[in-house]
Amino acid sequence: MSPGRALAAAVCAVLATTSACAGGRTGPTDAAAGEPAATSPSPSARASAHATPVRPARRARRTVSAEAPRRAVLPSGRTVAIEAIGTTPAGLLDVPEDIEVAGWWRGGSRLGDPFGSILVAAHVDSRTQGLGPFAELLTVAPGSPMDLESAGLRQHFEVRSRRLVPQGSLADDSWIFDVDGPRRLTLVTCAPPYDAGRGGYQNLAVVTAVPIGEPTTR
Amino acid sequence: MTVLSLTAASSDAATAPSSAVTIIQAVPGAEVSVTVDGEPRGDAEVGDLLGPFDLSAGRHDVSFVGVGADGEDIAVDSTLTVEPGGTDVVLHLPAEVGGAPVVHSYRAPTGAIGPGKARVMLAHTATVAPADVEVDGQTVFTNIANGEFAEADVPAGTISVALLPSGTQEDPILGPVDVTLGSRTLSMIYAYGNPRDGSMNVIAHVTPLAADGSVAPTRIDTGSAGLVTRPVSSFGEDRPGPSTAPMLLAAASGWVLVAALVTRRRRSRSSGLR
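This one's a predicted model, so the numbers in the text were calculated from it and none came from an experiment.

Engineer: Please set out the overall build of chain A residue by residue, giving values where relevant.
Structural biologist: Along chain A, the regular secondary structure elements total 3 helices and 13 strands. A buried classification covers 44% of the 218 residues belonging to chain A. Considering only contacts in chain A between residues 6 or more positions apart, those separated by 24 or more positions represent 60%.

Engineer: Can you tell me about the nonpolar core, naming the residues and giving the values?
Structural biologist: Soluble globular proteins tend to bury their nonpolar side chains together. Ranked by size, the top nonpolar core spans 73 residues in total, and within it Leu122, Ile189, Tyr190 and Ala191 of chain B carry the most contacts. The contact partners of isoleucine 189 of chain B, leaving out residues within four places of it in the chain, are Val120, Met121, Leu122, Ala123, Val202 and Ala204 of chain B. Counting 48 residues, the second-largest nonpolar core is a separate cluster that includes Leu119, Val140, Phe177 and Ala205 of chain A.

Engineer: Explain the sheet that holds strand β2 (residues 55-56) of chain A to me, using residue names and the numbers behind them.
Structural biologist: Judged by pairing direction, the sheet is mixed, and its 5 strands sit side by side in the order β2(A)-β9(B)-β8(B)-β2(B)-β5(B) without closing on themselves. Edge strands, defined here as strands with exactly one partner in the open sheet, are β2 of chain A together with β5 (49-54) of chain B. Bridge analysis of strand β2 (residues 20-26) of chain B against β5 of chain B gives 4 bridges, and the strand direction is antiparallel. Residue valine 21 of chain B lies in a different strand from β5 of chain B, and its bridge partner there is phenylalanine 53 of chain B.

Engineer: Give me the environment of phenylalanine 115 of chain A: which residues, what numbers.
Structural biologist: Within the secondary structure layout, phenylalanine 115 of chain A lies in the loop between β6 (101-105) and β7 (117-121). The buried category is assigned to phenylalanine 115 of chain A, around which 24 C-beta atoms lie within 10 Å. For phenylalanine 115 of chain A and aspartate 180 of chain A, which are 65 residues apart along the polypeptide, the C-alpha to C-alpha distance reads 6.0 Å. Residues within four places of phenylalanine 115 of chain A in sequence aside, it is in contact with Ser109, Val179, Asp180, Gly181, Pro182 and Arg183 of chain A together with Val154 and Pro155 of chain B.

Engineer: Go over the sheet that holds strand β13 (residues 200-217) of chain A with me, naming the residues and quoting the values.
Structural biologist: All names here are of chain A. Overall, mixed pairing links the 8 strands, which are arranged β4-β5-β6-β7-β12-β13-β11-β10 in a closed barrel. Mean inter-strand twist for the sheet, computed between neighbouring axes without regard to direction, equals 35°. One ladder, built from 12 bridges, connects strand β11 (residues 153-166) with β13; its direction is antiparallel. The residue bridging serine 161 from the neighbouring strand is threonine 208, located in β13.

Engineer: Kindly report on the environment of proline 52 of chain B, identifying the contributing residues and their values.
Structural biologist: All names here are of chain B. Position of proline 52 among the secondary structure elements: in strand β5. Under the C-beta neighbour-count criterion, proline 52 is labelled buried, with 26 such atoms within 10 Å. Separated by 57 residues in sequence, proline 52 and proline 109 have C-alpha atoms that sit 16 Å apart.

Engineer: Pulling in residues and values, what's your account of the pairing of strand β4 (residues 69-73) of chain A?
Structural biologist: Residues and elements named next belong to chain A. Across 4 bridges, β4 lies against strand β10 (residues 145-150) in antiparallel orientation. Note on β10: the bridge partner recorded for valine 73 is aspartate 147. As consecutive antiparallel partners, β4 and strand β5 (residues 79-85) are separated by 5 residues, and within that stretch glycine 77 has a phi angle of approximately 100°, a positive value.

Parameters and conventions
Along every chain, residues carry numbers that run from 1 in the direction the sequence is written. Going through the entries in the order they are written, you letter the chains from A and number the ligands from 1. With pLDDT at 70 or above as the cut-off, local features in this predicted model cover only qualifying residues; side-chain atom pairs require 80 or more to be listed or tallied, and sums for whole chains, interfaces and linings still use all residues. Runs of H or I in DSSP of at least four residues are treated as helices and runs of E of at least two as strands, each being numbered from the N terminus. Exposed residues have 12 or fewer other C-beta atoms within 10 Å of their own C-beta, buried residues have 20 or more, and residues in between are partly exposed; the C-beta atoms are placed from the backbone. Residues are defined as contacting one another if the C-beta atoms placed from their backbone atoms lie within 7 Å. Think of a nonpolar core as buried Ala, Val, Leu, Ile, Met, Phe, Trp, Tyr and Cys residues, each tied to the set through C-beta atoms within 7 Å. The pairing criterion for strands is at least two bridges between them, as found by DSSP. Only C-alpha atoms enter the line fits that serve as axes; for helices the fit covers just the stretch in contact. Angles between N-to-C directions range over 0 to 180 degrees.

Right, here's the structure in full:
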């Protein structure tokens, strides 16, 4: 039997089995679930006399558990706190008002996730606080190193690109926040020109940094 | 091309019992009767899922009695400590050839999940040394030993998965094969069997996950003062190009087709940022 044929046979066999399982899930299972869970001692003396505990499965040792980013260390060495943010009912990313604090979109990828964009955004300036730390993204050079840290992990990154995205709908720029594609850090802030009559800054500066190596534990 | 399409079983997520225990038989060739607290819960061949059963928190006796592939008796008695949430109890073989079946429990990582994502828990319940797992050609889990598991949130859609001997890039134990993961689902996948006799296979237990409430932004506004006046330049590739992770080998494998054959490869994955 060719491998392909063997595979097909196996697939069909299991398909049948699994379908039967799925079908049975709502029938017999519900009947069983409807019964009170047995709490009386097992009628099988043998079972209780020789029972050994079910071993809880172990988490594989070298597997990273993804975590929300908490801090970014920018290429200049400046550290910026990060808080988890969502979007407003209007669809605007809810970036912290404080320009010293960046926001990580909690719907996106986390530090340690194998795929997708870790989106971190901060205001470039404010009337009361002046220029913010993310202003350095406007002049950062390719290859600049930076770090992202979570409660237990640290990941080293290197800046690869900066793209200017015109202010407006991100419908055609979902790459900024996609959970799809290679793992990456996407840093966003505003960029000139500034036109007060047209809502302020006319561009977003989107800096993409790629991970160097794997996350390490802190 | 084989595609493992995983669909959540039924739509009873909202009414799922708080302690849902599913019993899974992953010993090739064996047929066992399962009892919980002395009460028969059904017979299981390899690949069968019994349940989920709504068990109260605390200790329960779980027994497997039957006949193995070589005709020898199987009798595994165990006590399971049930905690709230979903738990899979899996009868499987140890890493060494000829070892007696063992039982491990796997708690379902049921935390809410963001849009467009799927969660995968992959457990090593096969007669084989520690393994690495590649997803779309990238090593995602490393050095998972028999009885161990790893989990990750990945983009929903079709991914290419392969199981390789730990530390190697060639001669997959299993796959690579396309696996279709539904958005906001949890796929608990058990790799079992023995690559030396071609019996490697998987059992998948798929359940829905709650949404974490995240909604993708349609707009980002990050400045108000107009203090930046110097023009900003661009560099690097300005946006990700299409780059489908290459399918390494369409090697014959024992992966299971759980729900439906889907022959269409997912939309091209956005990729290639460098």
